[in-house]
Amino acid sequence: MRLTRIIMALTVGLAVVAVPTAAGAAQPQPAPTTTDPTQPPPYTPVNPALTVNRPTIFIGETVVLTGTGFGPNETVDISVTVAPLAAPAGGQAPARRSDGSTVAMAPVAYQASAPLNFTAVTDAQGRFSRSYKPSVTGLLTFTATGRESGRTATTELRVLPKKQPLPVTGDSIGTPMKLGGGLVGAGAVMLLLTLAWRRRQRLGGAAH
């Protein structure tokens, strides 16, 4: 009888100890996390920036605008403002022709055919690139603003007129011609003096 009670007590004790272990084993375990190498890394916000690959170009050339730090996969509005290039600093001598007369430097208006407002779309990292071919000269300021993020950045570009070949004018031709005529005249005088000297030498020799 006593042995039976001891066996029952041991059985109950083992059952009490086994219940929490079984309950813990039955709880679901979190699945291990894996990273898909084909997916881009998570987006990390940074300060927005807008750059241009060439700060100064000649009219007709193309530049590339690059934006970073905008929202992922968002549309970015880009506007362009044009200002005249800086005038010569005060105190500088005005441009002059070869005859000494001054040349009036008047501003020239250009009709823009390149868009002054356009858009770009960022990638998952908030970056974009967009080519642009200005059709006006001056100091161009680009302002990019993200539609969803509201982030904005600016950059500047100097567009210079094309280099023109120097025109051939009467003054530019006359100067070399005058110089050449002077050299020819000097040569003729030297030739006459040489002939006269030789003649005198021959006459002197014949007299002796």
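Residues numbered from 1 in each chain as written. Predicted model: local features only at pLDDT ≥ 70, side-chain atom pairs only at ≥ 80, totals over all residues. Heavy atoms only, no water.

Another point: the overall build of the protein. Across its full length, the protein carries 2 helices and 8 strands. Its helices and strands in sequence order give the protein the pattern α-β-β-β-β-β-β-β-β-α, from N to C terminus. Taking all 208 residues of the protein together, 17% fall into the buried category. Counting contacts in the protein only where the partners sit at least 6 residues apart, residues at least 24 apart contribute 69% of the total. Here the protein has roughly 15,700 Å² of accessible surface; of this, 63% comes from carbon and sulfur atoms. (Helix = DSSP H or I, 4+ residues; strand = E, 2+ residues; numbered from the N terminus. Buried < 20%, exposed > 50% of the residue type's maximum accessible area, 1.4 Å probe, protein only. Contact = heavy atoms within 4.5 Å. Areas by Shrake-Rupley, 256 points an atom, 1.4 Å probe, with all protein chains shown as cover.)

Below, the discussion takes up the confidence of the model for the protein. Averaged over all residues, the pLDDT of the protein equals 76, while 55% of them reach at least 70. Note on residues 89-93: pLDDT is under 50 here. Beyond four places in sequence and across chains, it has 0 contacts. This model gives residues 103-111 a pLDDT under 50, and the stretch forms 8 contacts once residues within four places in sequence are excluded. (pLDDT = per-residue confidence, 0-100.)

To continue, consider the pairing of strand β5 (residues 117-121). Alternating positions in β5 separate cleanly, F118 and A120 being buried on one face and N117, T119 and V121 remaining unburied on the opposite face. Summarising the sheet, strand β4 (residues 75-83) and β5 pair through 5 bridges and their orientation is antiparallel. Directly across from T75, in β5, lies its bridge partner V121. (Pairing = 2+ DSSP bridges.)

Turning our eyes to something else, we now look at a nonpolar patch on the surface. Among the surface-exposed residues, V189, M190 and L193 lie close enough to one another that they form a single nonpolar patch of about 310 Å² accessible area. Looking at the element boundaries, L193 is found in helix α2 (residues 170-207). (Patch = residues over 30% accessible without salt bridge, like charges linked within 9 Å, V, L, I, M, F, W, Y side chains within 5 Å. Salt bridge = Lys/Arg side-chain N within 4 Å of Asp/Glu carboxyl O.)

Okay, the pairing of β4 next. Direction of pairing for β4 relative to strand β7 (residues 138-146): antiparallel, over a ladder of 8 bridges. Across the sheet, the residue bridging to S79 is T143, located in β7.

Glancing now at the packing of aromatic side chains. For any pair of aromatic rings, the description rests on two quantities: the centre-to-centre distance and the angle between the ring planes. Applying the stated criterion to the full structure yields 3 aromatic pairs. Pairing F118 with Y132 gives two aromatic rings, centres 5.3 Å apart and planes at 20°, and the pair type is stacked. Remark: Y132 occurs in strand β6 (residues 128-132) and F118 occurs in strand β5; sequence separation between them is 14 residues. We classify Y132 as buried; its relative accessible area is 6%. With a centroid separation of 5.3 Å and 85° between ring planes, the pair formed by Y132 and F142 is classed as edge-to-face. Separated by 10 residues along the polypeptide, Y132 in strand β6 and F142 in strand β7 bring together distant segments of the chain. We classify F142 as buried; its relative accessible area is 0%. (Phe/Tyr/Trp six-rings, centres within 6.5 Å; stacked < 30°, edge-to-face > 60°.)

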